[in-house]
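Analysis of the macromolecular model
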Amino acid sequence: MPQPQNQPTSLPTPTRPPQIVVIGNGMVGHRLVEQLQTQAGAVAPQQTPQITVICEESRLAYDRVHLSSHFDDPAPDLALATAEGYEQGGVRVVYGQAEAVDTAQKTIQVNDQTLSYDALVFATGSFPFVPPIAGRDAPGCFVYRTLDDLEQIRDAARNARSGVVIGGGLLGLEAAGALQKLGLTTHVVEFAPQLMPAQLDAEGGQTLRRTIEDMGIGVHVGKSTSEVTLDDSGRVSGLAFADGSALEADLVVFSAGIRPRDDLARASGLALGERGGIVIDDTCQTSAPGVYAVGECALHGGRIYGLVAPGYSMAKVAAASILHGLGLGNAPATFTGADLSTKLKLLGVEVGSFGDAKGVTEGCRTVSLSDNVRGTYSKLVLSADGLRMLGGLLVGDTARYNDLLDLALFGTPLTVPPETLIVPPLPGGAVLPAITNALICSCENVRADAVCNAIGEGARDIKALKSCTGAGTGCGGCVPSLHGLLQGELRRLGETVSNHLCEHFAYSRQELFNLIRVRGHRAWDGVLAAHGSGLGCEVCKPAVGSVLASLHNEYVLKPQHAPLQDTNDAFLANIQKNGTYSVMPRVPGGEITADSLIAIGEVARNFGMYCKITGGQRIDLLGAQRDDLPAIWAELIAAGFESGHAYGKSLRTIKSCVGSTWCRYGVQDSTGLAIRLELRYRGLRSPHKLKSGVSGCTRECAEARSKDFGIIATEAGWNLYVGGNGGVTPRHALLLAEGLDEQTLTRTIDRYLMFYVRTADRLQRTSAWLEGLEGGLDYLRAVIMDDSLGLCADLDAAMDQHVGSYEDEWAAALADPATPARFRTFVNADTRDTGLQWVEERGQLRPAFAHEMTQGLTPLPMAGGDD
Amino acid sequence: MTLNLNPHSSPPLPSWQRVCSLADILPGLGVCALVDGRQIAVFHVAGQVYAVSNRDPFTGADVISRGLTGSYRDREAKERPKVASPLLKHAFDLETGQSLDHADMTLPTYPARVQEGEVWIGLVD
Ligand code: SRM
Ligand SMILES: Cc1cc2nc3c(=O)[nH]c(=O)nc-3n(C[C@H](O)[C@H](O)[C@H](O)COP(=O)(O)OP(=O)(O)OC[C@H]3O[C@@H](n4cnc5c(N)ncnc54)[C@H](O)[C@@H]3O)c2cc1C
Ligand code: SF4
Ligand code: FES
């Protein structure tokens, strides 16, 4: 059983570790700490920098962006950092305000303490600007920036009936929403003739105003506040305006813009911008060596970014620069500015603005649609020739924000009349033109162009694309898209596209499948000798293993098959990041008895495993050491469970809804069908995993249309959908056949699956396979329903053979006398792996993160991600 | 394969330890041996035995012995043995420990030999 071991022992430090001090623990300051920890992961323990954070607010970093939700009931926990988290990560916190910095001596004064630093970071954010008008300091006047501000506003609101916000920008409207949530009669006053003047045009402002007024908030634009009026006791009584009018209010919130907090930097002699802001270069360094600035206090390229995303980019760059400056890291990345396009939800109103939203480009044209019925306004700014989109505004409906943003940022020529891009979709109507430079890798922000350029410059495989574009080195989820682009691009360049499995086999998976089937190979050695070269590799071995399993359905751990199996198949469990495994027994259709639930719980408790309900309607038990796996499975099998094949490229789960058994809308027994199908196809090895769902009516609670094959009940029978996908590129499954009885349905699925198993590429889900299938759905229908190729009898026989030869792999493993030896941790000792470290969280054990470990680890980019 | 930890003295001689029989390692597979508290991955590939550290330097997890083995063609088009970590599929040359994905990453290697059907690993220090 894993033992908690979360007390880091302190290591002897021969020399003083480098000192990094961060002033300000706001959103960006905190992100910087995290970045430093991640990026310093590779550094030797005695060189690991000591991070000190100076925190002026009464609490550690929290999510300021969602500040207003503090008034929700219940109030969410906005904390981003915790004292324990910092302590475990070795981060020291000094509460107080940094008062003076000596950049020559490299020291900082805070609370009569002097701290010295090797690297110093200003992450001091900004403060709300309060215009210099009479009465602005009276009791009843507030700003809207910190949780403490909100607490004060809430206290004051208890004895108030009405409130007014000065400032009709983004934050002002946020604040107005908050006052309304507190039950006050609420007004917004804006100096400009419209709301959100920085982002919207007059018409957009007008649409927004109407919607906000409909919510019962008073909007007063074009008003210059001359004074906060006070009652006899000196408390706020309202506002007086320059035009002589007045407004009564018990409480005033100033939200008239923000200013960078740069006084300390100024006093320390750092270079500031003309209108404030600490000047930084592309590596986030200020004018003083070893001193950096990030977030809203920093001025980059003449610009201050009042949004959190650019701040986060700066934090990443600054962390790399700092470590580099301390001699602990490679040459740093750079910050080269950020796009200011934004999409937000204000008071429940969606607002988006992107590119040249206000149409300042010379000669530009606009197309707009103002819909007072739906309460929406959309405007597109177009180039003088009307062929390209430069920017736009969306109020009330931002569903198309991403696509339009893409079109604007990349100047893709429009292929449809621009107005069709902003009219609400007609049923079956206009679609957006294909985005030519779509975002491919969201982890590394790589777009199609960059990938195509790399291919143009000679990259010919995924590995080369990864190393020259960075795409695919994060979560790995975009690797299939990279594949697609590579193939398409090579075809376009007129080069022969190799779909060879790998360097050892000059065949595609489909060709190899046929060779193995026709020649009757039953083991790897024969396949390699006849068709391959070298010793094979991690690509072709599992692929051949899967083909052999699809064809013969033999126990995968037979000695001749064992060296072909990925660790998941070799240990019949899913490997986790710390080398332990997860265990997922099959729960067909997601239906489970109370006794079975209890049995799973008991096994988990006996072996100290972490439990989680998966997205596939079953239960995952995590943290098993390999030598426990046979014992865990012995208990599970005794309780009636069998392998769930969560580790295999094979059928996963068939999700079901309660259907006609319980649901008042259900028209057929969807649970029963899901169970029968799951038992039929369990253990079927395939090019990639297979998922399915069965819904009891068209309400589709089982999400069948997001599955490789999905079934939806109708009064007339079962409708079968194929080629759906969740995951990286969601696709809705397409209707293959309607109103089937169960027998026809099952036969059709049999053939569909077997045809896929035989013809798909390695790691190609049914969605991509179907998309690439020449002739598409009609062709598929012809092959498996009209038998146009005369294949059906063969496919049926193959599926019958699979169903007839199924055996539970875990039962087979336990019956195999070689199993205990194979699952031992060490070949020469009975001890268990002592390198594992665990942390208790929410009542369960989880693997320790690198910064929680007693020995440092090295988190680095992935190479794989094709699992 | 010699390990030269101290360039100023002649290479220290490894002390050899028996870890298992060759028959304990299915051809093409690896096992993990615990030698002086160290986890060492021992592979049996194409008739040869190789020993490398069990710790995947990319993830810090002790998993290399569970990787898939195979071969790759080096610059001179020579077929060389390799192992791919089961976690994120980073591959390493089994003989030199050199990472095939990252020029500056390597897997420590250890001398290994087979004598009368028994596998021996050499440790220096
Ligand atoms: C455990 C689970 C998450 C959870 O806690 O709920 C999970 C966990 C993993 N998923 Fe998943 N997925 C899980 C449900 C899903 C779902 C939802 C569903 O099945 O309804 C999806 C979207 C649906 C779909 O597949 O179309 C999903 C889409 C993915 C993808 C993206 C697939 C794609 O075609 O884009 C991957 C990566 C891949 O397969 O290449 C992935 C890969 C993985 C891997 C295998 C990643 C890995 O290599 O370690 C994880 C292994 C789990 C493990 O070790 O135990 N997982 N994964 C879910 C297990 C369900 C089950 O009971 O079997
Ligand atoms: C109500 C509201 C809604 C917002 N909504 C959005 C949104 O939807 N999207 C978006 O991108 N952004 C939004 N923002 C802006 C976003 O919160 C900021 O961009 C982000 O918080 C900036 O982070 P920062 O670390 O630079 O500054 P801050 O988060 O302000 O942190 C700076 C910290 O430094 C401290 N500090 C300053 N001087 C010193 C000193 N001398 N010694 C010690 N500590 C000091 C301050 O007390 C503060 O805690 C919103 C902001 C507010 C107030
Ligand atoms: S899909 Fe239909 S039967 Fe199933 S739960 Fe939903 S409404 Fe009920
Ligand atoms: S999306 Fe490309 S690596 Fe994550």
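Please read these numbers as outputs of a predicted model, since none were measured by experiment. (Residues numbered from 1 in each chain as written. Chains lettered and ligands numbered in written order. Predicted model: local features only at pLDDT ≥ 70, side-chain atom pairs only at ≥ 80, totals over all residues. Heavy atoms only, no water.)

1. Brief notes about the pattern of salt bridges
Residue and element names in this part refer to chain A. This is how it is decided: Salt bridge, as used here: a side-chain nitrogen of Lys or Arg that lies within 4 Å of a carboxyl oxygen of Asp or Glu. Each helix is a run of H or I in the DSSP string that is no shorter than four residues. Each strand is a run of E no shorter than two, and both are numbered from the N terminus. Burial classes: relative accessible area under 20% of the type maximum marks a residue as buried, over 50% as exposed, and values in between as partly exposed (1.4 Å probe, protein chains only).
Applying the stated criterion to the full structure yields 41 salt bridges over all chains. For Arg-59, the salt bridge goes to Asp-148, with nearest N and O atoms at 2.8 Å. Separated by 89 residues along the polypeptide, Arg-59 in the loop between strand 2 (50-55) and helix 2 (83-88) and Asp-148 in helix 3 (residues 147-157) bring together distant segments of the chain. Asp-201 is the salt-bridge partner of Lys-379, the closest N and O atoms lying 2.9 Å from each other. Here the residue Lys-379 occupies a position in strand 24 (residues 376-382), and Asp-201 occupies one in the loop between strand 11 (185-190) and helix 5 (202-214), the gap between them amounting to 178 residues. Taking the relative accessible area as the measure of exposure, Lys-379 reaches 7% and is therefore buried. Counted as one network, the salt bridges with shared partners bring together Arg-680, Arg-747, Asp-750, Arg-751, Asp-796 and Asp-800.

2. Some remarks on the site of ligand 2
Residues and elements named next belong to chain A. Note the cut-off: Whether a residue is near a molecule or strand depends on its heavy atoms: it is near if one of them lies within 4 Å of it. Polar contacts here mean pairs of N or O atoms no more than 3.5 Å apart (in protein, one a potential hydrogen donor and the other a potential acceptor; neighbouring residues in sequence count only if both atoms are side-chain atoms). Here the open area of atoms and residues is found with the Shrake-Rupley method and a 1.4 Å probe, where only the protein chains shown may cover a residue. Three categories are distinguished: nonpolar for Ala, Val, Leu, Ile, Met, Phe, Trp, Tyr, Cys and Pro, charged for Asp, Glu, Lys and Arg, and polar for the others, with Gly belonging to the last. The start and end points of each domain follow an automatic or database-based domain assignment.
With respect to spatial proximity, 29 residues lie near ligand 2, and among them Glu-56, Glu-57, Arg-145, Glu-296 and Val-308 are the closest. Glu-57 places a polar side-chain atom, nitrogen or oxygen, 2.6 Å from an oxygen atom of ligand 2. Notes on ligand 2: free accessible area 1000 Å², of which the protein chains cover 93%. With 3 residues, helix 1 (residues 27-39) is the single largest residue contributor to the shell around ligand 2. Looking at the shell around ligand 2, its residues break down into 14 nonpolar, 9 polar and 6 charged. The residue makeup of the shell around ligand 2 includes at least three contributed by each of domain 1 (16-127 + 260-325) and domain 2 (130-256).

3. A word on the site of ligand 1
Residues and elements named next belong to chain A. Taken together, 21 residues surround ligand 1, and among them Gln-576, Gly-615, Arg-618, Lys-689 and Gly-726 come closest. Contact distances for ligand 1 include 2.6 Å between an oxygen atom and a backbone N or O atom of Gly-726. In this structure, Arg-765 approaches ligand 1 through a side-chain N or O atom, which is 3.0 Å from an oxygen atom. Taken together, the residues that form the shell around ligand 1 break down as 2 nonpolar, 11 polar and 8 charged.

4. Focus: the interface of chain A and chain B
Put simply, the rule reads: We call two residues contacting when some pair of their heavy atoms lies within 4.5 Å. Here's the idea: put two parts together, see how much 1.4 Å probe accessible area each one loses, and the total over both is what we call buried area.
At the interface, 45 residues of chain A touch 42 residues of chain B. On the chain A side of the interface with chain B, the three residues burying the most area are Leu-535, Glu-538 and Val-827 of chain A, jointly 18% of the side's total. Inspection of the region where chain A meets chain B yields 1 salt bridge. As a salt-bridge pair, Lys-82 of chain B and Glu-538 of chain A come within 3.1 Å of each other at their nearest N and O atoms. The tally of links between chain A and chain B comes to 13 residue pairs in polar contact (both at pLDDT 80 or more). A breakdown of the residues in the side of chain A that touches chain B according to their chemical character gives 19 nonpolar, 16 polar and 10 charged.

5. Quick notes on the sheet that holds strand 8 (residues 109-110) of chain B
Residue and element names in this part refer to chain B. This is how it is decided: Pairing between two strands is assigned when DSSP locates at least 2 bridges connecting them.
Read from one edge to the other, the open sheet built from 4 strands follows the order 2-3-4-8, with strand pairing classed as antiparallel. Strand pairing shows two members of the sheet lacking a second neighbour, strand 2 (30-35) and strand 8, which therefore form its edges. Two strands pair when backbone bridges link them, and strand 3 (residues 38-45) and strand 4 (residues 48-53) are joined in this way by 6 bridges, in the antiparallel orientation. For Val-42, the partnering residue across the bridge sits in strand 4 and is Ala-51.

6. Some thoughts on the pairing of strand 5 (residues 107-110) of chain A
All names here are of chain A. Note: strand 4 (residues 98-102) against strand 5, 4 bridges, orientation antiparallel. In the sheet register, Ala-100 faces strand 5, and the bridge partner there is Gln-109. Count of turn residues in the strand 4/strand 5 antiparallel hairpin: 4 residues, of which Lys-106 carries a positive phi of about 60 degrees. Pairing analysis gives 4 bridges linking strand 5 to strand 6 (residues 113-116), with the strands arranged antiparallel. Bridge pairing in strand 6 places Gln-109 opposite Thr-114.

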